[in-house]
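If you want the building blocks of each chain, they are given just below.
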Amino acid sequence: MKIERREIQATATASTTGATLRGVAVPYEQFSHVLHDRPRAYRERFKRGAMNTNTETVMLYGHDQSGVPLGRVGSGSLRFEDAPEGLLFEIDLPEARADIREALERGDLTGAVSVGFYVDEGGDEWQNKTKPAVRTVRNAELVELSIVPMGAYPQAKGNLK
């Protein structure tokens, strides 16, 4: 089964000892840009409560699974909260990743994040009569959240604070 990835925006705040990145990991009822990772172009949206997390959910940089995770739910460094606007996240970035903090502070990284997830069997619904098609995700498992250069969900914008 292939991990699907979708990109969104987040906000970041910095402190002298580290940084906390906060934002929306999964916006609810908002459409993505047109996606082309399947034979037919489509837009995607998530229903409220569609994304499930567990103690193994991690945050990465650029979906790179070969490096050390930036945070993990099980360690307490990565946290999620379900809210009306979407699945919110908060991560305490490692002090050793000054490169990411600096890129966020300078604006080289905008705070965009991307989700890697599995859709549960029967967990999505397609409307193929529209152009582009529309996929509505109702139930999925969040595997990882990544900091990325650009996002696919323009409605979930963030600012560096």
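For the structure itself, look to the data block above.
Residues numbered from 1 in each chain as written. Predicted model: local features only at pLDDT ≥ 70, side-chain atom pairs only at ≥ 80, totals over all residues. Heavy atoms only, no water.

Things to note about the overall build of the protein
Across its full length, the protein carries 1 helix and 13 strands. Along its sequence from the N terminus, the protein presents helices and strands in the succession β-β-β-β-β-β-β-β-β-α-β-β-β-β. Within the protein, buried positions represent 45% of all 161 residues. The long-range fraction of contacts in the protein, counting pairs at least 24 apart against all pairs at least 6 apart in sequence, stands at 69%. Entry remark: accessible area of the protein is about 8,200 Å², with carbon and sulfur atoms responsible for 50%. (Helix = DSSP H or I, 4+ residues; strand = E, 2+ residues; numbered from the N terminus. Buried < 20%, exposed > 50% of the residue type's maximum accessible area, 1.4 Å probe, protein only. Contact = heavy atoms within 4.5 Å. Areas by Shrake-Rupley, 256 points an atom, 1.4 Å probe, with all protein chains shown as cover.)

Observations regarding helix 1 (residues 98-106)
Taken together, the buried positions of helix 1 are I100, R101, A103 and L104. All buried residues of helix 1 lie within an arc of 165° about the axis, which places them on one face of the element. Phi turns positive, to about 90°, at G107, one or two residues after helix 1. (Arc of directions from axis to C-beta.)

A closer look at the sheet that holds strand 12 (residues 133-137)
Read from one edge to the other, the open sheet built from 3 strands follows the order 4-12-11, with strand pairing classed as mixed. The outermost strands of the open sheet, each flanked by one partner alone, are strand 4 (42-46) and strand 11 (124-127). For this sheet the average axis-to-axis angle between neighbouring strands, irrespective of direction, equals 20°. Across 5 bridges, strand 4 lies against strand 12 in parallel orientation. (Pairing = 2+ DSSP bridges. Axes fitted to C-alpha atoms, helices over the stretch in contact; angles between N-to-C directions.)

Some remarks on the environment of D108
One can find D108 in the loop between helix 1 and strand 10 (113-119). Assessed through its relative accessible area of 46%, D108 is described here as partly exposed. In this structure the C-alpha to C-alpha distance between D108 and P149, which are 41 residues apart in sequence, comes to 7.9 Å. Side chain to side chain, D108 and R106 meet in a polar contact 2.7 Å long. (Polar contact = N/O pair within 3.5 Å; in protein donor to acceptor, adjacent residues only side chain to side chain.)

Describing the packing of aromatic side chains
By the definition in use, this model includes 2 aromatic pairs. Taking 5.0 Å as the distance between ring centres and 65° as the angle between the ring planes, the aromatic pair formed by Y42 and W126 counts as edge-to-face. Of the two residues, Y42 sits in strand 4 while W126 sits in strand 11, which places them 84 residues apart along the sequence. When the ring of F46 is compared with that of F117, the centres are 5.5 Å apart and the planes differ by 70°; the resulting orientation is edge-to-face. Taken together, the positions of F46 in strand 4 and F117 in strand 10 put the pair 71 residues apart, joining distant regions of the chain. Judged by relative accessible area, which is 1%, F46 ranks as buried. (Phe/Tyr/Trp six-rings, centres within 6.5 Å; stacked < 30°, edge-to-face > 60°.)

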